[in-house]
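Each chain, written out:
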Protein chains: 2
Amino acid sequence: MPDATLLAGLVLGGDPRAIARALTSVERGDAAARSLVKELFPHTGRAQLIGVTGAAGVGKSSLISALTAEWRRRDRTVGVVAVDPTSSITGGALLGDRVRMESLLGDRGVFVRSMATRGAAGGIARATLDAARVLDAAGFQVVLVETIGVGQDELAVAEAVETVLVVEQPGAGDDVQALKAGLLEIADLFVVTKGDQPGADRAVATLRATLALGTTVQSPPILMASAVTNDGIAALADALEAHLGSIDRSARARARAHNELRRILRDDLLRAALARGGDPDLTNASAMVAAGELDPYSAAEKLTARVWPASHATHS
Amino acid sequence: MPDATLLAGLVLGGDPRAIARALTSVERGDAAARSLVKELFPHTGRAQLIGVTGAAGVGKSSLISALTAEWRRRDRTVGVVAVDPTSSITGGALLGDRVRMESLLGDRGVFVRSMATRGAAGGIARATLDAARVLDAAGFQVVLVETIGVGQDELAVAEAVETVLVVEQPGAGDDVQALKAGLLEIADLFVVTKGDQPGADRAVATLRATLALGTTVQSPPILMASAVTNDGIAALADALEAHLGSIDRSARARARAHNELRRILRDDLLRAALARGGDPDLTNASAMVAAGELDPYSAAEKLTARVWPASHATHS
């Protein structure tokens, strides 16, 4: 606990090495990370949290670099957490994308972290949100969370930011990639990247038409930007800020807290159950399920009843 | 419960409409689904479970169509569960991929289901695995689970099949897409699709070189196939069968059961805790977290202690 306090103090002071260490801790998601987040928590809630999501290769990293440079011109500090599924080959980001951010790395007003989330206790969503908290507590004014692909992790991350920016690219062969990927429901804002390339206009038009088809409410804004020419980047930064002004931040914060708390509680209850002697039971039950002697649902019900009998209702 | 028994009986008899209804039930993941899976469970474990994973657009669906046709020539029946993140616009698969499977749909020896997993209680992984169980119980000899993208859901699905086939395409602009996406660790077999196109050989060579870099153990086999010319499809079917013969199926089954059971138990414990009066507490605690008065970890610990005091250790 004193370690967590010490580290937290350094993070709050903006010390880059302490921030890096804190991020490594929340990546692991262990007890030390939990203590650290408890210490940092009172100092969070000031950053604008923006999720940037879209398929691999649509230009998220280049866009984030350009946006970050724009915010720096506006004297805002920027933290970036990139969720990059890890290969055991390198233990982290393999090639390419992260390198593009390097030009910004000499700047104390920017902190970029590629998360190695494989094996994090509590999963990708928890590690990512806690990493965003670390950067928030360290004083970064805008915190971007970049996610690749689609899945429940991405939805969990999207639930936990204030603004979700969905990134598309022109002429990807499938004009409705974003919709197909289920990103529509979570998008607060769309941006079509590579706006300097032919087909970008058509991609915007197609996206607009497709969105209009499916919704009765107003579709999210669709912008176009180019990280190469920098066209549209300032307008995108403006739109992201405008979005923050348009939402009920405290309602979002409550929904966010509810979801996060459910996830943590679920993991804590499992851990408590296993610590109370359920672990050998789980192994035995797994063997029975594997042998086809017991279905997994009946096994889970037996385990729940054993570690926590219904008659012991202790809540009043 | 009698409904579950009746439906289970029809599924075991291979009735297509009953299978479709059973799949809809496990998609919802509600209490009826649980009863159904309990009924079907004793009749599962016969199918070969194969996961097919890779980024969007690499040709998974075409490959699955070609493989399915090959298995049908070998007189094997095939079930396919495709995990397709849902758009609310259509409430299901949007366009394209599923259509390609249509040519096989007149055949009772094939069953294809695109899962609408958004909002499934227990999540995508559970719905998918239970869908595979339905098809297994219905007597399909090969059950393919197709997943798009990467994330903990995909890992959970990969943990639950016997063979993981990772699909790559030539010249995707990033030769190490699969590795970057963290698919290496879970791959039992790689296939480079579109083997009729230029660049396929190079993609295989690059993949082989990259795999060799990172591993001390033997790399998984890398095959090349074309759904257009059908080249390599029979060899791929052979390789998938050979893989099944090479693994310790019962060890995999135990690991699989352990993971699945942990997930179900975790969800069951949360539900039980909330049912025991924790739900208003959760709402209150969420409001405190949102207001910045309490961090989420301390909140989860308080809730755990309240619904399940440490002194009430009931396991002996």
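Note that this is a predicted model, so its numbers are computed, not measured.

Peer 1: Explain the overall build of chain A to me, please; I cannot follow it from the model alone.
Peer 2: Helices and strands together make up the secondary structure of chain A, namely 12 helices and seven strands. Scored against the burial criterion, the 316 residues of chain A give a buried share of 53%. Counting only contacts in chain A whose residues sit at least 6 apart along the sequence, the fraction spanning at least 24 positions is 76%.

Peer 1: How do you make sense of the packing of helix H2 (residues 16–28) of chain A against helix H3 (residues 31–40) of chain A when you look at a structure like this?
Peer 2: Two measures define how a pair of helices packs: the angle their axes make with one another and the distance between the axes. Residues and elements named next belong to chain A. With their axes 7 Å apart at the nearest point, H2 and H3 run at an angle of 125 degrees to one another. The orientation of H2 with respect to H3, classified from their angle, is oblique. With respect to the hand of their crossing, H2 and H3 are arranged in left-handed fashion. Residues Ala22, Ser25, Val26 and Arg28 of H2 lie in contact with H3, whose contacting residues are Ala32, Ala33, Leu36 and Val37. Residues of the contact of H2 with H3, tallied by class, amount to six nonpolar, one polar and one charged.

Peer 1: Help me out: how do you make sense of the packing of H2(A) against helix H6 (residues 123–137) of chain A in this one?
Peer 2: Residues and elements named next belong to chain A. Two elements in contact, H2 and H6, have axes separated by 9 Å at closest approach and are oriented at 160 degrees. With respect to H6, the axis of H2 lies roughly antiparallel. As for how H2 packs across H6, the hand of that crossing is right-handed. Facing Ile19, Ala22, Leu23, Val26 and Glu27 of H2, the residues of H6 in contact are Ala127, Asp130, Ala131 and Val134. The residue inventory of the contact of H2 with H6, partitioned by class, reads seven nonpolar, no polar and two charged.

Peer 1: What should I look at first to understand the nonpolar core in this one?
Peer 2: Here is a general trend for soluble globular proteins: nonpolar side chains tend to be buried in one another's company. Among the nonpolar cores identified, the biggest contains 186 residues, and Val134(A), Leu135(A), Val191(A), Val134(B), Leu135(B) and Val191(B) are the most heavily contacted of them. Contact partners of Val191(A), with chain neighbours within four places excluded, come to Leu63(A), Leu165(A), Val167(A), Leu223(A), Ala225(A) and Leu236(A).

Peer 1: Just checking my understanding: could you explain the pairing of strand E6 (residues 189–192) of chain B for this structure?
Peer 2: Regular strands place their side chains on alternate faces of the sheet. Residue and element names in this part refer to chain B. Both faces of E6 are covered, namely the face carrying Leu189 and Val191 and the face carrying Phe190 and Val192. Across four bridges, the pairing between strand E5 (residues 163–168) and E6 is parallel. Bridge pairing in E6 places Glu168 opposite Val192. Sheet topology places E6 next to strand E7 (residues 222–224); three bridges connect them, and they run parallel. By the bridge assignment for E7, Phe190 is matched with Ile222.

Peer 1: In this structure, what is going on with unusual backbone geometry? I would like to understand it.
Peer 2: Residue and element names in this part refer to chain A. For Asp75, which is not glycine, the phi torsion reads 65 degrees and is therefore positive. Along the polypeptide, Asp75 turns up in the loop between helix H4 (60–73) and strand E2 (78–83). Even without glycine at this site, Asn230 takes up a positive phi of about 75 degrees. Position of Asn230 among the secondary structure elements: in the loop between strand E7 (222–224) and helix H10 (233–246). Residue classification places Asn230 among the partly exposed residues on the basis of 14 C-beta atoms within 10 Å.

Peer 1: How do you make sense of the environment of Leu6(B) when you look at a structure like this?
Peer 2: With respect to the helices, strands and loops of the structure, Leu6(B) is situated in helix H1 (residues 2–12). Separated by 40 residues in the primary sequence, Leu6(B) and Arg46(B) place their C-alpha atoms 21 Å from one another.

Peer 1: Explain H10(A) to me, please; I cannot follow it from the model alone.
Peer 2: All names here are of chain A. Here H10 contains 14 residues, and its C-alpha end-to-end distance of 20 Å stays within 8% of the 20 Å for a straight helix at 1.5 Å per residue. Among the residues making up H10, those that are buried are Ile233, Leu236, Ala237, Ala239 and Leu240. Projected down its long axis, H10 shows its buried positions confined to an angular sector of 160 degrees, all on one face. Along H10, exposed side chains directed more than 90 degrees from the buried face belong to Ala242, Gly245 and Ser246.

Peer 1: What is the right way to read H6(A) from this model?
Peer 2: At 3.6 residues per turn, the α-helix brings residues three or four places apart onto the same side. Between its first and last C-alpha atoms H6(A) spans 21 Å; for 15 residues at 1.5 Å apiece the expected length is 21 Å, and the two agree. Burial analysis of H6(A) places 14 of its 15 residues in the buried class, the great majority of the element.

Peer 1: Just to check I follow, could you spell out the confidence of the model for chain A for this structure?
Peer 2: For any part of a model where pLDDT is low, the fine detail of the predicted coordinates should not be relied upon. Residue and element names in this part refer to chain A. Confidence in the prediction for chain A averages 80 pLDDT; 78% of positions are at 70 or higher. Counted against residues more than four places away or in other chains, residues 86–100, with its pLDDT under 50, gives 34 contacts. Under a pLDDT of 50 for its full length, residues 311–316 has, in the predicted model, 12 contacts with residues more than four places off or in other chains. Our summary of model confidence lists the complex with pTM equal to 0.78 and ipTM equal to 0.82.

Peer 1: Hey, could you run me through the environment of Leu211(B) in this one?
Peer 2: One can find Leu211(B) in helix H9 (residues 200–214). Put simply, Leu211(B) and Ser35(B) are 176 residues apart on the chain and 44 Å apart in space, counted from C-alpha to C-alpha.

Peer 1: Help me out: how do you make sense of the pairing of E2(A) in this one?
Peer 2: All names here are of chain A. Counted residue by residue, E2 has six buried out of six residues, so it is predominantly covered. Residues Val78, Val80 and Ala82 line one face of E2 and the alternating positions Gly79, Val81 and Val83 line the opposite face, and both faces are buried. With six bridges joining them, E2 and strand E3 (residues 110–115) adopt parallel strand pairing. Counted as the bridge partner of Val81 is Arg113 from E3.

Cut-off values and rules
Along each chain, residues carry numbers from 1 onward, in the same order as the chain's sequence is written. By the order in which they are written, chains take letters starting at A while ligands take numbers starting at 1. Given that the model is predicted, a residue must reach a pLDDT of at least 70 before its local features are reported, and side-chain atom pairs must reach 80 or more before they are shown or counted; all residues, however, enter totals for whole chains, interfaces and linings. Under the scheme used here, helices are H or I runs from DSSP no shorter than 4 residues and strands are E runs no shorter than 2 residues, and both carry numbers assigned from the N terminus. For the exposure call, what matters is how many other C-beta atoms sit within 10 Å of a residue's own: 20 or more marks it buried, 12 or fewer exposed, and in between partly exposed, using C-beta atoms placed from the backbone. C-beta atoms are first placed from the backbone for all residues, and any pair lying within 7 Å is then listed as a contact. Structural elements are reduced to axes, namely lines fitted to C-alpha atoms, with helices fitted over the stretch in contact, and the angle between N-to-C directions of any two is expressed from 0 to 180 degrees. Orientation is classified from the angle alone, with under 35 degrees giving roughly parallel, over 145 giving roughly antiparallel, 65 to 115 giving roughly perpendicular, and any other angle giving oblique. Take the far helix as the reference: if the near one is turned anticlockwise from it by less than a right angle, the crossing is left-handed, and if turned clockwise, right-handed. Under this grouping Gly is polar, as are all residues other than the nonpolar Ala, Val, Leu, Ile, Met, Phe, Trp, Tyr, Cys and Pro and the charged Asp, Glu, Lys and Arg. Structurally, a nonpolar core is described as a collection of buried Ala, Val, Leu, Ile, Met, Phe, Trp, Tyr and Cys residues joined by way of C-beta atoms within 7 Å. Strands were regarded as paired on the criterion that DSSP finds at least two bridges between them. Expected helix span is taken as 1.5 Å per residue step, with the number of steps being one fewer than the number of residues. What the arc covers is the set of directions going from the helix axis to the C-beta atoms. What pLDDT expresses is the predictor's confidence in each residue, scored from 0 to 100.

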